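So you can see what is in the structure, the chains are spelled out below.
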Amino acid sequence: MGILYALLPAFAWGSLVLVSVKLRGNAYSQTMGITAGAFIFSAVIYLIKSPELSPFILLIGFISGISWSVGQLNQLASVEHIGVSKAVPISTGMQLLGTTLFGVLVFHEWETSSAIWIGFCSILLIIAGVLLTSYGQKEEESKKGKLKKGMVTLLISTAGFVGYVIILRWFNIGGWEAVLPQSIGMAAGAFVLSVRHKPFTKYALKNILTGLMWAAGNLGLLLAIPRIGVAVSFSMSQMGIVISTFGGIYLLGEKKSKRQLVLVMIGSFLVIAGGVMLGFTKK
């Protein structure tokens, strides 16, 4: 069941970027729409499940949500400096490495030598696959901005994304309890970081749909973490890059040469193979 939960964010988050492009809007209105949709989703979940929320759970969930908002906005900002084709795969790879290192070194999720070898090999496959799927995408676009500034922004983004996952695992807060306070933190963080950019537009309202999609994936991830660990669940959640990559090609009409298409197919296979291998690291 934990594996199925971990696959939910892969499908939801992998499709999210395709829907968001169709709905349009800038990074700030899209972020506000996502947080609004996430809050609506979490409020409904809370009414259905009615989990007990102590002040401590509210605080930790709120901090986790703020951490996510820092990660999301800085990831979008990094695109302006180094382009989509560099920012997205680098961001994904850094997040995978960060969560895996925490899962293995801090939480001791891979207990046997065979699990460690399989786990790190699978991570390498996923990272290699991510890099291949982005190979050759508009080189002139990837050279925009300053590399140094883009990498610093991505480091901040990675810290935010990793923190949003790790902090709940550290304090053993379950998925049902986390969703509402986390969404409040997301909305608060996104508001503070975006308010100067006038994000409240019709596109923010449209992107509530992407927020519902993100929240469904987030719930799947939060439910998967206690069952199969941070390293496996978060890594499998990143397999959605296969969906976004092929969706960009066939649904959004992004141009690819024959060589690029072959590399994308090989990269997608490596990502899937790495995700399957991660499943063998759990007993």
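What counts, and at which threshold
- Residues numbered from 1 in each chain as written.
- Predicted model: local features only at pLDDT ≥ 70, side-chain atom pairs only at ≥ 80, totals over all residues.
- Heavy atoms only, no water.
- Core = buried A, V, L, I, M, F, W, Y, C linked by side-chain atoms within 4.5 Å.
- Buried < 20%, exposed > 50% of the residue type's maximum accessible area, 1.4 Å probe, protein only.
- Helix = DSSP H or I, 4+ residues; strand = E, 2+ residues; numbered from the N terminus.
- Contact = heavy atoms within 4.5 Å.
- pLDDT = per-residue confidence, 0-100.
- 1 Å grid on protein atoms, 1.4 Å probe; cavity = no way out; pocket = protein on both sides within 12 Å on 5 of 7 lines; lining within 4 Å.
- Points joined across faces, edges and corners; volume = space filled by probe spheres on them.
- Nonpolar A, V, L, I, M, F, W, Y, C, P; charged D, E, K, R; others polar.

Looking now at the nonpolar core. Most often, soluble globular proteins keep nonpolar side chains buried together rather than apart. Trp68, Trp110, Tyr164, Val165, Leu168, Trp214 and Leu221 are the most contacted members of the largest nonpolar core, which has 52 residues in total. The element that contributes the greatest number of residues to this core is helix α10 (residues 208-228), accounting for 10 residues. Setting aside its immediate chain neighbours within four residues, Leu221 contacts Tyr5, Pro9, Trp13, Tyr164, Val165, Ser233, Phe234 and Ser237.

Time to look at the confidence of the model for the chain. Per-residue confidence for the chain gives a mean pLDDT of 82, with 90% of residues at or over 70. The lowest-confidence element of the chain is helix α6 (residues 139-142), averaging 47 in pLDDT; the highest-confidence one is helix α9 (residues 202-206), averaging 91.

Attention shifts here to empty space enclosed by the protein. Under the defined criterion, the tally for this structure stands at 1 cavity of 30 Å³ or more. In this structure, the largest cavity spans a volume of roughly 50 Å³. Those elements that provide at least two residues to the lining of the largest cavity are α2 (27-49), α8 (175-194) and α10. Among the elements that line the lining of the largest cavity, the one with the most residues is α8, at 4 residues. A per-class count over the lining of the largest cavity returns 6 nonpolar, 4 polar and no charged.

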